[in-house]
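Notes for the structure review
Residues per chain are reported as follows:
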Amino acid sequence: MKRRQAIKLMAVVGGGALAGFGGYKAYHTFKTPDIAFLEANITMLDALAETIIPKTSTPGAREAGVGSFLAFNVKNTLDTKSQNNFIDGMKDINQYCRRRFDKVFAECGPEQQYSAMLHTKESEFKLKGKYGKAQKKYLGATFFETLKEFTVYGYCTSKLGAQQGLAYEYVPMAFKGCIPLKPGQRSWALK
């Protein structure tokens, strides 16, 4: 085989492999989301949220009902690409826990859940700057950024989170735009 023929053959095989991989990624990005899996795994969503906001002297995310909030918001507010990324992320973290700990994520201990969450965060491919915005627009939000955003939002807007996790005043008397926080004071339950 001559050199030119070998180079042409390598270019055709490489281009075909690249096109095949692109088609595979496009299929997984734009397929119909598996909403049934999402709704069947509320306990896993509770465990994921509890890993981000654990119970301490204040209630945790599980007590605040953030798992149901996550399922509702992923189902109703995200685009198809982001829904698929989130559901695939849930499946990936479960597979990681099965391989590493022989259990699903919801059955693992807190240290195991933390290490699985850390592994998932580090394994996500996220670009920065303009490229990151383009990545989010065309490929959807990543699993971990969606999980963090909805967990914090769900916790801070829940009754337990606002009243016991944050400084909450049912009837504020007067608006004071800038006041210093006292030592040990929690953040205000306002946005």
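See the structure printed just above.
We now turn to the structure provided with this report. Computed from a predicted model, the values in this text were never measured in an experiment. (Residues numbered from 1 in each chain as written. Predicted model: local features only at pLDDT ≥ 70, side-chain atom pairs only at ≥ 80, totals over all residues. Heavy atoms only, no water.)

Right, let's talk about the side chain of Ser158 for a bit. Its location among the elements puts Ser158 in the loop between α8 (143–157) and α9 (159–165). According to the relative accessible area criterion, Ser158 is buried, its value standing at 10%. In this structure the side chain of Ser158 is engaged in a polar contact, spanning 3.0 Å, whose partner is the backbone nitrogen of Gly161. (Helix = DSSP H or I, 4+ residues; strand = E, 2+ residues; numbered from the N terminus. Buried < 20%, exposed > 50% of the residue type's maximum accessible area, 1.4 Å probe, protein only. Polar contact = N/O pair within 3.5 Å; in protein donor to acceptor, adjacent residues only side chain to side chain.)

To continue, consider unusual backbone geometry. In this model, Asp102 sits at a positive phi of 60°, which is unusual for a non-glycine residue. Mapped onto the fold, Asp102 is located in the loop between α5 (80–101) and α6 (110–123).

Moving on: the environment of Phe86. Mapping Phe86 onto the fold places it in helix α5. A relative accessible area of 0% places Phe86 in the buried class. The sequence separation of Phe86 and Lys182 amounts to 96 residues, and the corresponding C-alpha distance is 39 Å. Each residue touching Phe86, except ones within four places of it in the same chain, is listed here: Leu38, Leu45, Val74, Phe143, Thr146 and Leu147. (Contact = heavy atoms within 4.5 Å.)

Attention shifts here to the packing of aromatic side chains. Within this structure, the stated rule accounts for three aromatic pairs. Between Phe69 and Tyr153, the ring centres sit 5.8 Å apart and the planes meet at 50°, which makes this aromatic pair tilted. With Phe69 in helix α4 (residues 66–77) and Tyr153 in helix α8, the pair connects residues that are 84 residues apart, well separated along the chain. You can call Phe69 partly exposed: its relative accessible area is 22%. (Phe/Tyr/Trp six-rings, centres within 6.5 Å; stacked < 30°, edge-to-face > 60°.)

Once that is clear, we can look at the packing of α5 against α6. As a packed pair, α5 and α6 sit with axes 10 Å apart at the nearest point and diverge in direction by 125°. Classified by the angle between their axes, α5 and α6 sit oblique to one another. Pair α5 / α6 crosses with right-handed handedness. Mapping the contact onto sequence places Ile93, Tyr96, Cys97 and Phe101 in α5 and Gln112, Ser115, Ala116, Met117, His119 and Thr120 in α6. When the residues that make up the contact of α5 with α6 are grouped by side-chain class, the tally is six nonpolar, four polar and no charged. (Axes fitted to C-alpha atoms, helices over the stretch in contact; angles between N-to-C directions. Parallel < 35°, antiparallel > 145°, perpendicular 65-115°, else oblique. Left-handed = near helix turned anticlockwise from the far one by under 90°. Nonpolar A, V, L, I, M, F, W, Y, C, P; charged D, E, K, R; others polar.)

What follows deals with the nonpolar core. Counting 32 residues, the largest nonpolar core has Leu38, Leu45, Leu48, Phe86, Met90 and Phe105 as the members making the most contacts within it. Among the elements of the structure, α2 (35–40), α3 (42–52), α4, α5, α6 and α8 are those that each provide at least two residues to this core. Setting aside residues no more than four positions away along its own chain, Phe105 makes contact with Met44, Ala47, Leu48, Thr51, Ile93, Asn94, Cys97, Gln113, Ala116 and Met117. (Core = buried A, V, L, I, M, F, W, Y, C linked by side-chain atoms within 4.5 Å.)

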